[in-house]
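Results of the structural survey
Letter by letter, the chains look like this.
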Number of protein chains: 2
Amino acid sequence: MNANPMPRIMKQQKKSFSTRNETRRVKIRGVPIGGGTRVTVQSMLSVPTSDIERALGQIRELASAGCDIIRLAIRDRDAVEAFREIRSCVDLPLVADIHFDHRLAILAAEAGADKLRINPGNIGSDAKVREVASAALEYGIPIRIGVNAGSLPEKLARNEPTAEKMVEAARMEIEPLLESGFQDIVVSLKSHDPAMTIAANVLFAENFDLPLHIGVTEAGLPDVGAVRSAVGIGSLLISGIGDTIRVSLTGDPVEEVVVGKRILRACGLLKRGVELVSCPTCGRCRVDLIGVANEISRRLPQIEKYIQVAIMGCEVNGPGEAKMADVGIAGGNGYFLLFKKGKVIEKVPQEAVVERLLVEIEELAAVSDD
Amino acid sequence: MNANPMPRIMKQQKKSFSTRNETRRVKIRGVPIGGGTRVTVQSMLSVPTSDIERALGQIRELASAGCDIIRLAIRDRDAVEAFREIRSCVDLPLVADIHFDHRLAILAAEAGADKLRINPGNIGSDAKVREVASAALEYGIPIRIGVNAGSLPEKLARNEPTAEKMVEAARMEIEPLLESGFQDIVVSLKSHDPAMTIAANVLFAENFDLPLHIGVTEAGLPDVGAVRSAVGIGSLLISGIGDTIRVSLTGDPVEEVVVGKRILRACGLLKRGVELVSCPTCGRCRVDLIGVANEISRRLPQIEKYIQVAIMGCEVNGPGEAKMADVGIAGGNGYFLLFKKGKVIEKVPQEAVVERLLVEIEELAAVSDD
């Protein structure tokens, strides 16, 4: 056992925890992906693209939830025409998702798509991919090469999928694109298995500098899917890999955006609004901490400024966390100590603490940082 | 750009994705932690230890949820006496959690604690730690050195906590224990920040072979806390670090166990029962996939055998995922293809698919693997 706590490896670790992997940058209707810019959150419509009214309704909901980029399935020519009309009504970047028929990708580019997503597992020959690239070049839009473990190209699909096969599927499509002079490429490598997703993306990032769209595909119903996505996407983001994310949940796409933002926050990549640190309580706790935390959470103001708030039950970690936060409370016997910017400023009875803390949060939100 | 997809680094990556970090093994009332055994799930009572009836009720709920090890706060001598009585009524391993007063740890050992948790930030001098170790040795129980970023020892607590300070706090307590001949040590290094939690545990694992209890402390209310915990705990487990886990949520401790098991499953460390892979649906989908997935999820049998079930909406990833699963369905236009062990066995109308799939799952569950 080596008891020296500061080994050489930490320099590398520190680097990997604090810096983003260097990638090229592409733009989707002015929204940048890659090159160290902020990590964007994507989702995909679950309603049919050809049902224009419902599609526009879901786009409005996703936009309100803070979705940055929205994808729509283009399964036939009717969908292309619907896409054209939807595109004309919306400001957000819209991505056309095409499988099987490369001609739909070309039509979608002409119909105003801001990015094309094609799948190496089903789009066909290099010649077809080059045709798509030539349309993308003409309309000045990027292409995402979207590899899924569940739909690898036939010659790779024998036996089980692996991270290596997923990267190879991407490479097979990237090379003809690059050779044809097309460079505006985003890549995704998704498996339903978080570990395989991580391994594929790590391998890819070691070999290519193209921006990565990351996600755990088919992660399942929201409760389980949020955890699976957080493990896969979070591991990659924490180690610096990933330029845009999509959480795949069997449910309302708005929930995908909510979970996506939670993952970004957990990884320190979204510092906006109020962040609560709150303890699990234990037998030491002599206040109704869970009740207080829930009520504060429900009543939090929607603000842009990043404010850390600690809601703590006792004297063990309470003072430490409350001091580190912008504002915090640490429970005693039926009361809380109120901390602001590292100092105790008041002793507040439990029944008054929610109102008191909300006032402090509003005040902090109103103060300019400059 | 290097286009070679099989670089040297993958050998290391593969290793780190598939193998667990080597640690020593300790036993908590016969339940092993470390040394490559299964990763256990812990939680902590939120009711006062001295309220014996409520404590026993919460222990029963946690046991039913599959909690492996349960911790109780020992804040005073009344709690020690209550702990003694609770210990006599319960089979599961019970851990006594002590802060500030090392004499309570000694009394808890005598009262039947299966493990002691002490905090380097508040337990006091080396001499006191040695007294605790001598009681632990006498009663044959391990000690967890539980470092929290929010309660670092005073001489380390100046300014902001860091991963290095957290490891240093653990080292300061481990060394006197090892010098006194005490080796049954588990260590935890928790921050509310997943990135700092990960960095501290990676640094520790590079330097010590003691088993690690991992968790993101004070992760918050259940929805947000599950994501924060999955990012922190999941990143570590996927890279082979972590021998036992505790999810800290501001809510019912049973929810901590549920989320803990979801994290283990997402990391491939709990292969038991039915695992659903289900797609997010999109504009291609012509079945009520979300309805089918929810109904199947609600009606899943509680089984021990590990069975993968794919519930997929369309022809893109549907056939691939359904083939890879033990049993799966891939949607067409108002119907599903039913796959079993890689082959299509039937075309089932949507209204019959839930019953049909449940029959297949029950049949698979009934078949012995031998």
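Residues numbered from 1 in each chain as written. Chains lettered and ligands numbered in written order. Predicted model: local features only at pLDDT ≥ 70, side-chain atom pairs only at ≥ 80, totals over all residues. Heavy atoms only, no water.

Points about the domain arrangement of chain A
Note the following rule: For the purposes of this description, domain bounds are those given by an automatic or database domain assignment.
When the domains of chain A are assigned, the result is domain 1 (25-266) and domain 2 (274-366). The C-alpha centroid of domain 2 of chain A is placed 40 Å from the C-alpha centroid of domain 1 of chain A.

Some remarks on the sheet that holds strand S13 (residues 327-331) of chain A
Residue and element names in this part refer to chain A. As a reminder, the rule being used: Think of it this way: DSSP has to see at least two bridges between two strands before they count as a pair. Helix and strand assignments follow DSSP, with helices taken as H or I runs no shorter than four residues and strands as E runs no shorter than two, numbered in order from the N terminus. Fitting a line to C-alpha atoms yields each axis, with helices limited to the stretch in contact; the angle taken between N-to-C directions then spans 0 to 180 degrees.
The mixed open sheet is built from five strands, whose spatial order is S11-S12-S13-S14-S15. If you trace the sheet from one side to the other, it starts and ends with strand S11 (274-278) and strand S15 (343-349), each paired once. With direction set aside, neighbouring strand axes in the sheet form an average angle of 20°. With five bridges joining them, S11 and strand S12 (residues 307-312) adopt parallel strand pairing. What sits directly across from Val277, in S12, is Ala310.

Some points on unusual backbone geometry
Residues and elements named next belong to chain A. Although it is not a glycine, Glu218 sits at a positive phi angle of roughly 50°. Position of Glu218 relative to the elements: it lies in the loop between strand S9 (213-214) and helix H9 (222-238). Phi is positive for Lys341, which is not a glycine, with a value near 45°. The residue Lys341 is located in the loop between strand S14 (335-340) and S15 in this model.

What to know about the side chain of Thr217 of chain B
In plain terms, the rule: Every residue pair with non-hydrogen atoms within 4.5 Å of one another is taken to be in contact.
The topology assignment puts Thr217 of chain B in the loop between strand S9 (213-214) and helix H9 (222-238). Among all residues touching Thr217 of chain B, those that are not within four sequence positions of it are Asn148, Lys190, Ser191, His192 and Ser248 of chain B.

Concerning the packing of aromatic side chains
Residue and element names in this part refer to chain A. Inclusion rule: Any Phe, Tyr or Trp ring, taking Trp's six-membered ring, that has another such ring centre within 6.5 Å forms a pair; planes under 30 degrees apart are called stacked, those over 60 apart edge-to-face, and the others tilted. The rule is simple: take the accessible area with a 1.4 Å probe, protein chains only, and divide by the maximum for that residue type; under 20% is buried, over 50% is exposed, in between is partly exposed. Think of it as a cone above the ring: NZ of Lys or CZ of Arg counts as a charge over the ring if it is within 6 Å of the ring centre and within 35 degrees of the ring normal.
Enumeration over the complete set of coordinates arrives at two aromatic pairs over all chains. Measuring from centroid to centroid gives 4.5 Å for Phe204 and Phe208, while their planes differ by 20°, and the two rings are stacked. Summarising the burial analysis for this pair, Phe204 and Phe208 share the class buried. The cationic tip of Lys347 hangs over the ring face of Tyr335; the distance from NZ or CZ to the ring centre is 4.2 Å.

Points about the environment of Ser191 of chain B
All names here are of chain B. Test applied: Nitrogen and oxygen atoms within 3.5 Å of one another constitute a polar contact, given that in protein one can donate a hydrogen and the other can accept it, and given that sequence-neighbouring residues count only through two side-chain atoms.
Residue placement: Ser191 occurs in the loop between strand S8 (185-190) and helix H8 (194-207). By relative accessible area, Ser191 is classed as buried at 2%. A polar side-chain atom of Ser191 sits 2.9 Å from the main-chain amide nitrogen of Asp193.

Focus: the relation of the copies chain B and chain A
Worth spelling out the cut-off: The atoms used to superpose the copies are C-alpha atoms, taken from residues with pLDDT of at least 70 in both, and the fit is least squares.
For the pair chain B and chain A, the superposition axis carries a translation of 0.0 Å, the fit reaches an RMSD of 0.0 Å, and the rotation angle comes to 180°. Taken together, these values place the two copies in the relation of a two-fold axis. Interface residue correspondence from chain B to chain A reaches 100%, placing this contact among same-surface, isologous pairings.

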